[in-house]
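Letter by letter, the chains look like this.
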Amino acid sequence: MKTLILSLFGLFLISSSCKKTKEICKWSHFTFEHPVSVYPIKESYNVGDTIWFELNFSDVFNASVRNNYNGNIRNETIQLKNFDFHRNFLRILKLVDTTQNINGQPTGTWNDAFEPIYSIGQLIQELPDGPEYKLKYENNSYHLKYGMILQQSGNFLYCPIFFHNYPISQGKLNIVDIRPECEVEQLEDIRFPVNRQTNGTHLTNYHLFEQFMNPALENDLDRIKNECFTFVVN
C-alpha cells in the first residue's frame, strides 16, 4: 500500500511539472525594439549632404511576448546576448506614386540616389532599396552606424524592416533560448522606433509623408508614423 501511495504521488509531481512547463511555454513569441537615431534631423537636405542612421542599445530588452494560444500580449524584461538577428534591412523608398502605398513605390532607390558609408556593423549585401546588415555586439550592447551621401533630389522615406522568415533551407535562424524549460521560442518581430523622445513622441517628419502620399492606402500607419523617417532632398 505504501508503494502504491508513493507511486501515485510521483505521478502527481510529474503531472504538475508538465502542466507548469506547458503554462509557461504558451508565452513564446517575442517582439523586441531596436531604437534608431536618424540625424541631423531636418525636413530637407541638399545633394551632397550626409544622413546618418545609428543604433545603440543594451542586450536587456523590454520585450512584448505573445501567447501563441490566445494571442494575448504581456511585457517581460529579457536579456539576449550576442544574438544574430535575421534579417535586418535599412530600406529607403523614393515616394513618387500617390496612387500606391509604400510597397508599391519603384525599387532601385539605394543604387541610384545614395553613396553609402559603412562605419559600424557588418554589411551582408546591398539590395535595390538598401543594405542588409548585422549589428556589432560589444560590451553587452548592440551597435550600428551607417551613413548615406545624398546623390539625387526627390522625396524619400527611410523605413527599416525585419524579416524573420527564412527559406526552409536556411534553418530556424530566429529561434531564441530564453527559458530552459521551453522547447521552442521564437523572435517574431522587431520594431524600430525612430528618434523617440523622452515624452514618447517620435521626430519622423510624418507631416511630410501626409503631403506626399495617401495615408489611407497604408496597412500599418503607426509604423510609418513612429518607425520611418520622411525627408526631401533638393
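Attention in this report is confined to the structure presented alongside it. (Residues numbered from 1 in each chain as written. Predicted model: local features only at pLDDT ≥ 70, side-chain atom pairs only at ≥ 80, totals over all residues. Heavy atoms only, no water.)

**Overview of unusual backbone geometry**
Here's step 1: Of note, the bond from tyrosine 39 into proline 40 is cis; its omega dihedral lies within 30 degrees of zero at -5°.
Here's step 2: Here the residue pair histidine 86 and arginine 87 is connected by a cis peptide bond, since its omega of -5° sits within 30 degrees of zero.
Here's step 3: Position of arginine 87 among the secondary structure elements: in the loop between β6 (73-79) and β7 (88-89).
Here's step 4: Despite not being glycine, asparagine 195 has its phi angle at roughly 50°, a positive value.
Here's step 5: Mapping asparagine 195 onto the fold places it in the loop between β17 (185-191) and α3 (206-212). (Helix = DSSP H or I, 4+ residues; strand = E, 2+ residues; numbered from the N terminus.)

**Things to note about the sheet that holds strand β8 (residues 92-94)**
Here's step 1: If you trace the 4 strands from one edge of the open sheet to the other, you get β3-β18-β14-β8, paired in mixed fashion. Single-partner strands in this sheet number two, and they are β3 (44-45) and β8.
Here's step 2: Direction of pairing for β3 relative to strand β18 (residues 229-233): parallel, over a ladder of 2 bridges. What sits directly across from serine 44, in β18, is valine 232. (Pairing = 2+ DSSP bridges.)

**Some thoughts on the layout of surface pockets**
Here's step 1: When its volume is computed, the largest pocket comes out at roughly 280 Å³.
Here's step 2: Among the secondary structure elements, those contributing two or more residues to the lining of the largest pocket are β15 (161-162), β17 and α4 (221-227).
Here's step 3: Its residues placed into classes, the lining of the largest pocket shows 8 nonpolar, 3 polar and 6 charged. (1 Å grid on protein atoms, 1.4 Å probe; cavity = no way out; pocket = protein on both sides within 12 Å on 5 of 7 lines; lining within 4 Å. Points joined across faces, edges and corners; volume = space filled by probe spheres on them. Nonpolar A, V, L, I, M, F, W, Y, C, P; charged D, E, K, R; others polar.)

**Remarks on the nonpolar core**
Here's step 1: Phe32, Phe85, Ile92, Phe114, Met148, Tyr158 and Phe231 are the most contacted members of the largest nonpolar core, which totals 40 residues.
Here's step 2: Elements that contribute at least two residues to this core include exactly β1 (27-33), β4 (50-58), β5 (60-67), α2 (109-113), β13 (141-150), β14 (154-158), β17 and β18.
Here's step 3: Each residue touching isoleucine 92, except ones within four places of it in the same chain, is listed here: Phe53, Thr109, Trp110, Phe114, Asp129, Met148, Phe156, Leu157 and Tyr158.
Here's step 4: Core analysis: the next-biggest nonpolar cluster, separate from the first, contains 13 residues, Leu93, Leu95, Tyr206 and Phe209 among them. (Core = buried A, V, L, I, M, F, W, Y, C linked by side-chain atoms within 4.5 Å. Buried < 20%, exposed > 50% of the residue type's maximum accessible area, 1.4 Å probe, protein only. Contact = heavy atoms within 4.5 Å.)

**Concerning the pairing of β13**
Here's step 1: Taken across its 10 residues, β13 has 9 buried, putting it largely inside the fold.
Here's step 2: Pairing geometry for β4 and β13, over 9 bridges, is antiparallel. The partner of phenylalanine 57 across the bridge, within β13, is tyrosine 142.
Here's step 3: Across 6 bridges, strand β9 (residues 114-120) lies against β13 in antiparallel orientation. Paired with phenylalanine 114 across the bridge in β13 is leucine 150.

**Structural notes on the state of the cysteines**
Here's step 1: As enumerated under the stated definition, the model contains 1 disulfide in all.
Here's step 2: Across a sulfur-sulfur distance of 1.9 Å, cysteine 159 and cysteine 228 are joined as a disulfide pair. Remark: cysteine 228 occurs in the loop between α4 and β18 and cysteine 159 occurs in the loop between β14 and β15; sequence separation between them is 69 residues. Each of the two residues, cysteine 159 as well as cysteine 228, counts as buried. (Disulfide = S-S within 2.5 Å.)

**Examining the side chain of aspartate 129**
Here's step 1: Mapped onto the fold, aspartate 129 is located in the loop between β10 (122-127) and β11 (130-134).
Here's step 2: Within the structure, aspartate 129 has its side chain in polar contact with the backbone nitrogen of glycine 108 (distance 3.3 Å).
Here's step 3: Once you skip the residues sitting within four places of it in the chain, aspartate 129 turns out to touch Leu90, Arg91, Ile92, Leu93, Pro106, Thr107, Gly108, Thr109 and Trp110. (Polar contact = N/O pair within 3.5 Å; in protein donor to acceptor, adjacent residues only side chain to side chain.)

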